[in-house]
2 protein chains.
Amino acid sequence: MSVTSPKGFRAAGVAAGLKSTGKPDVALVVNDGPLKNAAAVFTSNRVAAAPVYWSRQVVGDGRADAVVLNSGGANACTGALGFQNTHATAELAAGLLGVSAADVLVCSTGLIGEQLPMDKLLPGLEAAFGRLAADGGPEAAQAIMTTDTVCKEVAHRSEAGWHVGGMAKGAGMLAPALATMLVVLTTDAELTAAELDAALREACRLSFDRADSDGCMSTNDTVILLASGASGVRPDPADFQTQLTSACQSLAQALIRDAEGASHDIAIRVFNAASETEAVAVAKAVARSNLFKTAIFGNDPNWGRVLSAVGTVPESQAAFHPDRLNVSINGVQICRNGGIGDSRDLVDLSPREVAVDIDLNAGSAEATIWTNDLTHDYVHENSAYSS
Amino acid sequence: MSVTSPKGFRAAGVAAGLKSTGKPDVALVVNDGPLKNAAAVFTSNRVAAAPVYWSRQVVGDGRADAVVLNSGGANACTGALGFQNTHATAELAAGLLGVSAADVLVCSTGLIGEQLPMDKLLPGLEAAFGRLAADGGPEAAQAIMTTDTVCKEVAHRSEAGWHVGGMAKGAGMLAPALATMLVVLTTDAELTAAELDAALREACRLSFDRADSDGCMSTNDTVILLASGASGVRPDPADFQTQLTSACQSLAQALIRDAEGASHDIAIRVFNAASETEAVAVAKAVARSNLFKTAIFGNDPNWGRVLSAVGTVPESQAAFHPDRLNVSINGVQICRNGGIGDSRDLVDLSPREVAVDIDLNAGSAEATIWTNDLTHDYVHENSAYSS
């Protein structure tokens, strides 16, 4: 259950000394083909890290032979030297693998605004190359963790004989159109780069883009999809889309479950909306409300804060009438027609999973956004950890 | 230094039993004229409280004789009965004062989604009427406090002989286009309702709209300006605007200083922007970043989180190039040309006041947004207090 579950991939992870803890911090994922097709989605943050600039160029032609990933440093806001360091990393990997540097993707995560210790990173990359193995996926997944408390991997096997595998790094800080997260997905299905690109964008739209832990969007977010074609099977397009979306949703929910300091995982479902886009807009407004998120931390089914957040969405972004809104929390309809519904005492917020269902009474579309509560531990971790 | 500092006003505040603590919770402010001109600005939240719907109607003709305010209950999401209760409150005040209920403004603050205890509120209003006094401003200001730790009042005296006074309630939860706050401003200058309206909107734009504590916008936000004309002086328009804006800025900063659980007051100044609107957009993006706000709580001059927040602003909303951004925190330019600047060790974040200066290098406009850090106490207060 990793990036090496599909055929045609090798991976490795090593401790190169970038992290002061001595934990693994450099990973390498190699596509041995026969296909070397690739697609990627990057952060929309205008302040993007050097590896994002580099990898955007690399994936432009739809081919990638390998991905180098490091934790322990984001290589963001590091100027020309930072870009040179990313380039040097790709060059070393290319030399070791006998491929072109222009086909080596690079990802970094960690503190912004510090140069990478190349005297540690490059030897680490050589060591990872020496450890490359067809079962190396799990140790690669270990090496990209930062504040993650669990390793995040996924794999699906199709009855048609092809596979999808993946790993992700990220713990909270999830936001619109990606997050402080790195994701590498692999498949041994036979697909063109254009098919990978379309499938990846659709899968991200319904997974990572629906996870919103604290509304903060990172400089380094990257989701990569590599296809080796090693299964020799050309998949049914709809079947592949379903499996890829499912893998991304599985990883997205693992990211939310591991969000920094969270004590509740919250699914905000907006239904009876005029369109899916409008449902997303309303759900995100609630997911971004610190008042709502602290209430859930306090096990307080405070539907007034839900309505107050819903009300901040302009009419141009979502149709609804305040007097026709219904809100249920964990199955209890505590707000009916914009006013007082069933007793809030009936709501049990002791489970970690919280379901908030918002009925806009304005159509038939729906969408769900996953988020977390805002806790003491969130404040503690993010005030103590520089990133 | 209160709403009764200008001539022509009386006020009172009493404990009616709406608050379980027994503290004052009903206030009355009366304009004895000769003018009864009024203007008001309300929350743009589409889920607005009953008193907001009522007061919007009242102020429509530019006249108001009195304002009734209560804490201990927001009367929001309370349906038809909630609106009837607001109406009944205005009717009682009108009867006591010998004016029309259609000229009595009503404001409420407290928990959303519960009906007001009218058996306590109405007797409290009668008691407040009995205590009306020309020096009653301070006790009215006391009666509108909720989680406020200090009473917020202001007064300015013009050399031309007219005055501006004001009181505010609110502690954090400040947001775009108003906040969970109630503000009553008074003046004895001679001004028409249209003049009051224009001056109030401009003053709010440069004060309350620039205070953004946690991005949450309330159902009840109201800013009222009453003019008695009792000074007999028609003010110089520019002079009045300056004094009114100054009074609103003073109250807005008092709200930020008293924000729930904050340990730092942060002034985010964006300069060299292409326009003031663009400067505001960038400063608000930083003010909304929980990662930035927790870093400041941790006394961590984490400029990477500032840049990361700046980068989330789309090109359509603000022109800048990531490689030309400079950021100073408390006077130390720790980010230069989008990269590493002076040492972060030089930044002293021990003072409560924090100045973040962001140079967009894209023009000559600027704006400042005031906000707070995100602390353990914010989480504690907002998870324990229902509102």
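Residue positions are given per chain, counting from 1 as you read along its sequence in written order. Written order determines the labels here, with chains lettered from A and ligands numbered from 1. Since the coordinates come from a predicted model, pLDDT governs what is reported: local features require at least 70, and pairs of side-chain atoms require 80 or more to be given and counted, while whole-chain, interface and lining totals use all residues. Excluding hydrogens and water, the side-chain values take into account all heavy atoms of the structure.

Draft legend 1. Focus on the relation of the copies chain A and chain B. Once turned by 180 degrees and shifted 0.0 Å along the axis, chain A lies on chain B with an RMSD of 0.0 Å. What the rotation and shift describe, once combined, is the action of a two-fold rotation axis. The position closest to the rotation axis in chain A is occupied by the C-alpha of His376(A), lying 2.6 Å away. Contact definition: two residues touch when any of their heavy atoms are within 4.5 Å. Same-surface contact between copies: 100% of interface residues of chain A are shared with the interface of chain B. Here the copies were fitted onto each other by least squares, based on C-alpha atoms from residues at pLDDT of at least 70 in both.

Draft legend 2. The arrangement of helix α2 (residues 79-97) of chain A in detail. All names here are of chain A. To qualify as a helix, a DSSP run of H or I must reach at least 4 residues; to qualify as a strand, a run of E must reach at least 2; elements of each kind are numbered from the N terminus. Expected helix span is computed as 1.5 Å times (number of residues minus one). Over its 19 residues, α2 runs 28 Å from end to end, which matches the ideal 27 Å to within 8%, given 1.5 Å per residue. Gly82, Asn85, Thr86, Thr89, Ala90, Ala93, Ala94 and Leu97 are the residues of α2 that are buried. In this structure, the buried residues of α2 make contact with β2 (26-31), α1 (50-59), β4 (66-70), β5 (104-108) and α3 (118-131). One or two steps after α2, the chain reaches Gly98, where phi turns positive at roughly 70 degrees. Partly exposed describes any residue whose relative accessible area lies between the buried limit of under 20% and the exposed limit of over 50%, with all areas from a 1.4 Å probe on protein chains only and scaled to the type maximum.

Draft legend 3. Fine view of the packing of helix α7 (residues 276-287) of chain B against helix α9 (residues 303-310) of chain B. All names here are of chain B. Structural elements are reduced to axes, namely lines fitted to C-alpha atoms, with helices fitted over the stretch in contact, and the angle between N-to-C directions of any two is expressed from 0 to 180 degrees. Between α7 and α9, the least distance of the axes is 8 Å, while the angle of their chain directions is 130 degrees. The angle between α7 and α9 places the two elements in the oblique class. Judged by the sense of rotation from one axis to the other, the crossing of α7 with α9 is right-handed. Of the residues in α9, those touching α7 at Val282, Ala285 and Val286 are Val306, Ala309 and Val310. For this classification, under 35 degrees means roughly parallel, over 145 means roughly antiparallel, 65 to 115 means roughly perpendicular, and everything else is oblique. Should the near helix be turned counterclockwise from the far one by less than a right angle, the crossing is left-handed, whereas a clockwise turn marks it as right-handed.

Draft legend 4. Fine view of the pattern of salt bridges. By definition here, a salt bridge exists when the distance from a side-chain nitrogen of Lys or Arg to a carboxyl oxygen of Asp or Glu is within 4 Å. Scanning the model with the defined rule gives 34 salt bridges over all chains in all. Linking Arg205(A) and Glu276(A) is a salt bridge whose minimum nitrogen-to-oxygen distance equals 3.2 Å. Placement of Arg205(A) in helix α5 (residues 193-205) and of Glu276(A) in helix α7 (residues 276-287) is noted, with a sequence separation of 71 residues between them. Looking at Arg205(A), the relative accessible area reads 34%, which means it is partly exposed. The class for Glu276(A) is partly exposed, based on a relative accessible area of 29%. A salt bridge links Arg63(B) to Asp103(B); the nearest nitrogen and oxygen atoms lie 3.4 Å apart. Separated by 40 residues along the polypeptide, Arg63(B) in the loop between α1 (50-59) and β4 (66-70) and Asp103(B) in the loop between α2 (79-97) and β5 (104-108) bring together distant segments of the chain. For Arg63(B), a relative accessible area of 36% corresponds to the partly exposed category. A relative accessible area of 10% places Asp103(B) in the buried class.

Draft legend 5. How the structure looks around the sheet that holds strand β10 (residues 182-187) of chain B. All names here are of chain B. Two strands pair under a simple rule: DSSP has to find at least two bridges between them. Taking strand neighbours across the sheet as the criterion, the five strands line up as β3-β11-β10-β7-β6 in an open arrangement whose pairing is mixed. One side of each edge strand has no neighbouring strand; the edge strands of this open sheet are β3 (37-42) and β6 (152-157). Pairs of neighbouring strands in the sheet enclose a mean axial angle of 10 degrees, with direction left out of account. As paired strands, strand β7 (residues 163-169) and β10 are joined by six bridges and run antiparallel to one another. Along β10, the bridge assignment pairs Met167 with Val184. Most of the contacts of helix α5 (residues 193-205) go to β3, to which it runs at about 30 degrees, and overall it touches β3, β10 and β11 (222-227). Across the sheet, helix α6 (residues 237-257) is in contact with β6, β7, β10 and β11; its angle to β6 comes to roughly 160 degrees.

Draft legend 6. Inspection of the UniProt feature "active site" (unreviewed entry) in chain A at higher detail. The UniProt feature table records "active site" (unreviewed entry) at Thr180(A). Looking at the secondary structure, you find Thr180(A) in the loop between β7 (163-169) and β8 (182-187). UniProt positions are given in the numbering used here, feature names are shortened, and annotations may be inferred rather than shown by experiment.

Draft legend 7. Highlighting α7(A). All names here are of chain A. The terminal C-alpha atoms of α7, which comprises 12 residues, lie 16 Å apart, in line with the 16 Å expected from a rise of 1.5 Å per residue. Among the 12 residues of α7, nine are classified as buried, and the element is accordingly described as predominantly covered. For α7, the full list of buried residues reads Glu278, Ala279, Val280, Val282, Ala283, Lys284, Ala285, Val286 and Ala287. Of the surrounding secondary structure, the elements contacted by the buried residues of α7 are β10 (265-273), α8 (290-297), α9 (303-310), β14 (353-359) and β15 (365-372).

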